[in-house]
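These are the residues of each chain, in order.
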Amino acid sequence: MNYDKPLLAMLIGIIVVIPLEIMGLFFRHLRWITITPGEACSMMFMPEGSWTLGLLALPLVGALAILILYYLTKIIGTDYLPIKGALVGMCTYSFIFTVFGTLSKNHSMLQGTLGNYIFALSSGFAGFLAGILMKKFLFKPSQQVKD
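All of these numbers come straight from a predicted model, not from anything done at the bench. (Residues numbered from 1 in each chain as written. Predicted model: local features only at pLDDT ≥ 70, side-chain atom pairs only at ≥ 80, totals over all residues. Heavy atoms only, no water.)

**Regarding empty space enclosed by the protein**
In the structure shown here, the tally under the stated rule is one cavity of 30 Å³ or more. What the largest cavity holds in volume is close to 260 Å³. Considering the residues around the largest cavity, the lining is formed by 23 residues, among which Leu-20, Val-61, Gly-89, Thr-92 and Ser-123 are closest to the centre. Of all the secondary-structure elements, those providing two or more residues to the lining of the largest cavity are α1 (5-29), α2 (37-42), α3 (51-76), α4 (81-103) and α5 (113-137). Here the lining of the largest cavity gets seven residues from one element, more than from any other, and that element is α4. The class makeup of the residues in the lining of the largest cavity is 16 nonpolar, seven polar and no charged. (1 Å grid on protein atoms, 1.4 Å probe; cavity = no way out; pocket = protein on both sides within 12 Å on 5 of 7 lines; lining within 4 Å. Points joined across faces, edges and corners; volume = space filled by probe spheres on them. Helix = DSSP H or I, 4+ residues; strand = E, 2+ residues; numbered from the N terminus. Nonpolar A, V, L, I, M, F, W, Y, C, P; charged D, E, K, R; others polar.)

Here is the structure:
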């Protein structure tokens, strides 16, 4: 059966942002962070965070990040893919917060030290989960013939 691997990679990216947003809502409820990952992604389009716009923006960011990881595997290989996925997830978090928070002077996106750690760990967890799912569904080990 033929299937579109980049499309499946994007679907994996959409799936892994669900636990990311749930963790964000949990930590915002504890008042450890001020915005959720969805609200942070919505701030790419407008200065104040919107949870409803975040429901559209966060899956888009997740799909694009994992699509980048999928094409990056052609260069860096598929060994240790969950770890590479975690690194891509953390780099995506850093990119969004640096460009749309610090460089555009959006003070709503600035977090304390604990908030930065929470965002880095939760996005790393989402990338790790994406790497596991990609390894399982997109990059199956080849069948080797034993003598």
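So, next bit.
**Considering α4**
For α4, built from 23 residues, the straight-helix expectation of 33 Å at 1.5 Å per residue is met to within 8% by its first-to-last C-alpha distance of 31 Å. The largest bend in α4 amounts to roughly 25° and is located at Phe-97. For α4, the full list of buried residues reads Leu-81, Pro-82, Lys-84, Gly-85, Ala-86, Val-88, Gly-89, Thr-92, Tyr-93, Ile-96, Phe-97 and Gly-101. Against α2, α3 and α5 lie the buried residues of α4. In the segment just after α4, Lys-105 is the residue with positive phi, at about 55°. (Expected span 1.5 Å × (residues − 1). Bend = angle between axes of the 7 residues up to and from the residue. Buried < 20%, exposed > 50% of the residue type's maximum accessible area, 1.4 Å probe, protein only. Contact = heavy atoms within 4.5 Å.)

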